[in-house]
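Topology and contacts: notes
Given next are the chains, with one letter for each unit.
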Amino acid sequence: MTTLQEYLKNSGVYEDLSKIILLIADQAAPIRAAFISNQSYADSTNASGEQQAAMDTWADTHITRVLAKSGLVHAVASEEQDDITTFSSSSKYSVVMDPLDGSSLISVNLCVGTIVGIYDGDVLQPGKNLKAAFYMLYGPMTTLTLSVGRGVAIFALNSDGVYQLMQDNVQIPEGNLYGSGGLRTEWLPEHAAFIADIEAAGGKNRYSGSFVADFHQVLKYGGVYAYPPTTKSPDGKLRLVFEVNPIGFLASQAGGAVSNGVSSTLAVVPARVHQRTPIYVGSRGMIAAIEKIHHA
Ligand code: F6P
Ligand code: MN
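Cut-offs applied
Residues numbered from 1 in each chain as written. Chains lettered and ligands numbered in written order. Predicted model: local features only at pLDDT ≥ 70, side-chain atom pairs only at ≥ 80, totals over all residues. Heavy atoms only, no water. UniProt positions renumbered as here; feature names shortened; annotations may be inferred. Domains from an automatic or database assignment. Buried area = accessible area lost by both parts, 1.4 Å probe. Salt bridge = Lys/Arg side-chain N within 4 Å of Asp/Glu carboxyl O. Polar contact = N/O pair within 3.5 Å; in protein donor to acceptor, adjacent residues only side chain to side chain. Helix = DSSP H or I, 4+ residues; strand = E, 2+ residues; numbered from the N terminus. Nonpolar A, V, L, I, M, F, W, Y, C, P; charged D, E, K, R; others polar. Buried < 20%, exposed > 50% of the residue type's maximum accessible area, 1.4 Å probe, protein only. Contact = heavy atoms within 4.5 Å.

Named according to an unreviewed UniProt entry, the protein is Fructose-1,6-bisphosphatase class 1 originating from Methanocorpusculum vombati. The Sequence similarities (unreviewed entry) field of the UniProt record for the protein holds the comment "Belongs to the FBPase class 1 family." We quote the UniProt Pathway (unreviewed entry) comment for the protein here in full: "Carbohydrate biosynthesis; Calvin cycle."

Okay, the domain arrangement of the protein next. Domain annotation for the protein reports domain 1 (4–167) and domain 2 (177–295). Between domain 1 and domain 2 lies a buried interface of about 2800 Å² when both sides are counted; carbon and sulfur atoms form 65% of it. Sorting the residues of domain 1 by area buried against domain 2 places Ile115, Leu124 and Tyr135 first, and these three jointly supply 19% of that buried surface. For arginine 239, the salt bridge goes to glutamate 50, with nearest N and O atoms at 3.1 Å. Applying the counting criterion to the domain 1 and domain 2 interface returns 15 residue pairs in polar contact (both at pLDDT 80 or more). Those elements giving two or more residues to the side of domain 1 that touches domain 2 turn out to be β3 (75–78), β5 (93–101), β6 (112–120), β7 (132–138) and β8 (142–147). Residue contributions to the side of domain 1 that touches domain 2 peak at six residues, all from β6. Split by residue class, the side of domain 1 that touches domain 2 holds 22 nonpolar, 13 polar and seven charged.

Turning next to helix α7 (residues 240–253). Along α7, 12 of the 14 residues are buried, which leaves the element largely enclosed by surrounding structure. Taken residue by residue, α7 has Leu240, Val241, Phe242, Glu243, Val244, Asn245, Pro246, Ile247, Gly248, Phe249, Leu250 and Ala251 as its buried positions. Just beyond α7, the residue with positive phi is glycine 255, at close to 85 degrees.

All right, on to the UniProt feature "binding site: Mg(2+) 2" (unreviewed entry) in the protein then. The positions that UniProt labels "binding site: Mg(2+) 2" (unreviewed entry) are, in the present scheme, Asp98, Asp101 and Glu243. Maximum C-alpha separation among the annotated residues is 8.4 Å over a sequence range of 146 residues, consistent with a single clustered spot. Relative to the elements of secondary structure, aspartate 101 occurs in strand β5. When near neighbours in sequence (up to four residues on either side) are disregarded, aspartate 101 contacts Val112, Gly113, Ile115, Ser210, Phe211, Val212 and Glu243.

As structure tokens, this is what we get:
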């Protein structure tokens, strides 16, 4: 059995970076434990104007507090906080996070997760600069899907509270699953044509409303997750810094790709921490197909 700790060591990851990854990974158990008493919505909205679930703010406060205490990071940017928080630490690492993605599914007990990216230096860097990206999924198992720039590995939390390696060198198969956000009536013609092509080729629709969970099945089975530009939201819904970059980094490390429909989002220098972007992430062929439609 290879543990997460051993994997990080064997991968030559710097000690401080490993410590940050392990520290956040350790928060899966307290986060899971908090679900039972945080089922409702809070009376607050986040910087993107979305109503926060009680678990959004709980997970955000919890992870931020743990990071502040650790002295291991100099900045944290969270989907649930208006501004970047800086700490008086000599660390060069900054953390970006969606503390609880898919939180509207908490009250129906469907799969949700925590998305994390770690940069050397400031927060507003293109996703391709990530030193590490991972997500924890709170499903039937607690899993952690990680890239430190050497492919993608999936770990599961065992009954001893240790993350054990389940799969290394994960590669996204071409596959034919697809899931798309946005109302069909608000899709733009390019996106409608893309989905029609997938459906005509026998693609299977899978969309739960939790990006991180929907991406995980694309990672394993192949296909595409999309949140396109719509007539009402030309930049789509998902956030570049907290959601799209960490997941896009993982996809590209697994031999897949991520795009805003025209080009890779991993090259985009964020102008604002909460900026949104359309996203297409998954198998290489799927991403090439939407870019071809836009370039036609
Ligand atoms: O964080 C945004 C998010 O909750 C994603 O997890 C999810 O894929 C998407 O929004 C769902 O949005 P909609 O309800 O519009 O399909
Ligand atoms: Mn989210």
